[in-house]
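Given next are the chains, with one letter for each unit.
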Amino acid sequence: MAELAGMRETGRTVRGPVATLVELEDAQSTLHLSLQFREEYRGLEALTRAVELALSFLEFPMVPGVVDLKARGEGTFLYETGPVWTLQELIRQYRDAGQALGVRPAMDLVYLAAGILTEAGENGPVQGVFSHGGLTPNRILVDGDGQVTILGYGIPQVEVTAFLKQEVALEPREDSWRYCPPERLVGSGEDADADLYALCLIAWEVMTGEPLYTGDAAEVRRKASHGEGARLFREQLGRGAVPDEVLHVLSQAMEFDPAQRYADGHELLRALYETFTAIELPGPTLAEVMARVGPAPKRGRALVSAGAASTAVSGDPARRAPPGRGLGGRVHRAPGGGAVAAQVSAERAARYGKGRGASAELPDTSEPARALPAREGESRFGGRPSRAEEGGVPARRQSEEVAERGRVLAAPAAAEAAPDEGTRRFGGRPSRSSEPGEGSVEAARGRSVRAGEAPAEVASEEGSSRFGGRPSRAAEPPAEVAS
């Protein structure tokens, strides 16, 4: 491949089941990753003619977070990445130190990667690319600022597809089956749902340090073909290792029947947003983890010592990201680069608010978050009473006009529930007492917690009716999404 002339290998490689990532450096010291498939797969149609048909998208995806294909040769694909970690390297180094990245970094990763995959899933089909094709931990990159990018988008999982089509006799190893959505193994069509399914399988490994599908190649293949991800997630409910709310959200994206999953990636993103604001996720943010481990792996020594891993997971304040990095202070960029990428990133941020997509800021939940409002007496996660409603259903505040006529419509518990001052519960319109002052909506807003959380006093009232059980504006993404 002519573009490799003048480049030198740095010595860093990341091996996968049938392809190896090789780090290269050009004359300007810019780092690249070359995805190099094994010889027996290089001439297959999936890596030749199929790639040619999708080449326009692979080279110019116009999706922030999808790394552009810079050049290609026979079974070799070159990407300009700069200094980055693969997720596979991060997981392995923490595992070797007896640690796991944890819940919060995993959810940050899903939040950012799901935004990229959703947007790519909307843009790709126009140019013949219907799914990522082979999402694995070595196809997900994370830089020193915690930005997530996707490598090799549109390059199929050739060892699986070729084996199932009997184009090759070599049966894939367990790692090839480990992140497969069931659609790939039963021969049905794939779309962005398949990418999100694989992403949730990867998220489990980030949270716990171990893959969800374990066993030998035959056992892992059986679990993948039966789509057992959702069942295995639900078996963890109530065990405490992973919050139940997280298990509920991710398991729905992993149903065997695609019709039972989220309607689209945007619905998953809304569910993730609500989870960020509903509970406090344990552990440091992904940005904080990356600030500690550095912008790229250092060859020749352990990347994460046992002590460093323990500190990273426990979130020692003394080792937080320096000013200007991490939540609240960093300047986020569009990983795709260029005016078009910046515009797409801005549109994504406008659609979802902070935290959606690779270039937006994650919800700041470093302070304890308020629970989301739900229908009276039930929770969004399985029908259990939410935290906001423990101790009884909140009483409806009496309307001043009704009270003046002597009609008492609120529940008898109204006297004990002490509803907040300054709001009417019928339609969410402010009552006469909502003028600025103690107990008013404005005063409540002044006491609002950090960005991304609803004000404590009005979290379940603004913009919602108690009769419909719809989520309040504080719990929903901005109005652009709702419309």
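It should be emphasised that the depicted structure is a prediction, and the values quoted were computed from it without experimental measurement.

Trainee: Explain the confidence of the model for the chain to me, and be specific about the residues and the numbers.
Mentor: Any segment with low pLDDT has predicted coordinates that should not be analysed in fine detail. Mean pLDDT over the chain works out to 73, with 61% of the residues at or above the 70 mark. Low pLDDT (under 50) marks residues 300–345, which in the prediction has 87 contacts with non-local residues, meaning those over four places away or in another chain. Residue range residues 352–483 is modelled with pLDDT below 50. Its contacts to residues more than four positions away, or to other chains, number 240 contacts.

Trainee: Any chance you could break down the environment of V129 for me, citing the residues and the numbers?
Mentor: By secondary structure assignment, the location of V129 is in the loop between α4 (103–123) and β7 (140–142). Residues V129 and A54, spaced 75 residues apart in sequence, show a C-alpha to C-alpha distance of 6.1 Å. Here V129 is in contact with A54, F57, G124, Y153 and G154, once residues within four sequence places are set aside.

Trainee: Outline the packing of helix α3 (residues 87–96) against helix α8 (residues 192–208), supporting the account with residue identities and numerical values.
Mentor: Close contact between α3 and α8 brings their axes to 9 Å; oriented N to C, the two are set at 30°. Judged by the angle between their axes, α3 and α8 are roughly parallel. The hand of the α3/α8 crossing is left-handed. Where α3 abuts α8, its residues L87, I91 and R95 lie against I202, E205 and V206. Here the residues of the contact of α3 with α8 sort into four nonpolar, no polar and two charged.

Trainee: Explain the nonpolar core to me, and be specific about the residues and the numbers.
Mentor: Ranked by size, the top nonpolar core spans 100 residues in total, and within it L250 and L272 carry the most contacts. Top element by residues in this core is α4. It accounts for twelve residues. Residues contacting L272, with those up to four places away along its chain left out, are M107, V110, Y111, A114, V249 and L250. Membership of the second largest hydrophobic core comes to five residues, among which are M7, V22, L24 and L78.

Trainee: Provide a residue-level description of the sheet that holds strand β1 (residues 8–15), including the pertinent values.
Mentor: Picture the strands of a sheet paired through backbone hydrogen bonds; they go either parallel or antiparallel. Read from one edge of the open sheet, five strands run β1-β2-β3-β5-β4, paired in antiparallel fashion. Each edge of the sheet is formed by a strand with only one pairing partner; in this case those strands are β1 and β4 (69–73). This sheet shows a mean twist of 25° between the axes of neighbouring strands, independent of strand direction.

Trainee: Give a detailed account of the packing of aromatic side chains, specifying residues and quantitative values.
Mentor: On inspection of all chains with the given rule, the structure shows five aromatic pairs. Ring geometry for F37 and F77: centres 6.1 Å apart, planes at 85°, overall edge-to-face. Residue F37 is found in strand β3 (residues 31–37), and its partner F77 is found in strand β5 (residues 76–80); the two are separated by 40 residues along the sequence. Of the two residues, F37 and F77, both sit in the buried class.

Trainee: Can you explain the pattern of salt bridges? Please cite residues and give values.
Mentor: Here the structure, examined in full by the defined rule, presents 18 salt bridges. Note that E228 is salt-bridged to R231, the shortest N-O span being 2.7 Å. Take E228: its relative accessible area is 10%, and that puts it in the buried class. For R231, a relative accessible area of 39% puts it in the partly exposed group. Shared partners join several salt bridges into a network, and the residues in it are E219, R222, K223, E228, R231 and E235.

The rules behind each value
Residues numbered from 1 in each chain as written. Predicted model: local features only at pLDDT ≥ 70, side-chain atom pairs only at ≥ 80, totals over all residues. Heavy atoms only, no water. pLDDT = per-residue confidence, 0-100. Contact = heavy atoms within 4.5 Å. Helix = DSSP H or I, 4+ residues; strand = E, 2+ residues; numbered from the N terminus. Axes fitted to C-alpha atoms, helices over the stretch in contact; angles between N-to-C directions. Parallel < 35°, antiparallel > 145°, perpendicular 65-115°, else oblique. Left-handed = near helix turned anticlockwise from the far one by under 90°. Nonpolar A, V, L, I, M, F, W, Y, C, P; charged D, E, K, R; others polar. Core = buried A, V, L, I, M, F, W, Y, C linked by side-chain atoms within 4.5 Å. Buried < 20%, exposed > 50% of the residue type's maximum accessible area, 1.4 Å probe, protein only. Pairing = 2+ DSSP bridges. Phe/Tyr/Trp six-rings, centres within 6.5 Å; stacked < 30°, edge-to-face > 60°. Salt bridge = Lys/Arg side-chain N within 4 Å of Asp/Glu carboxyl O.

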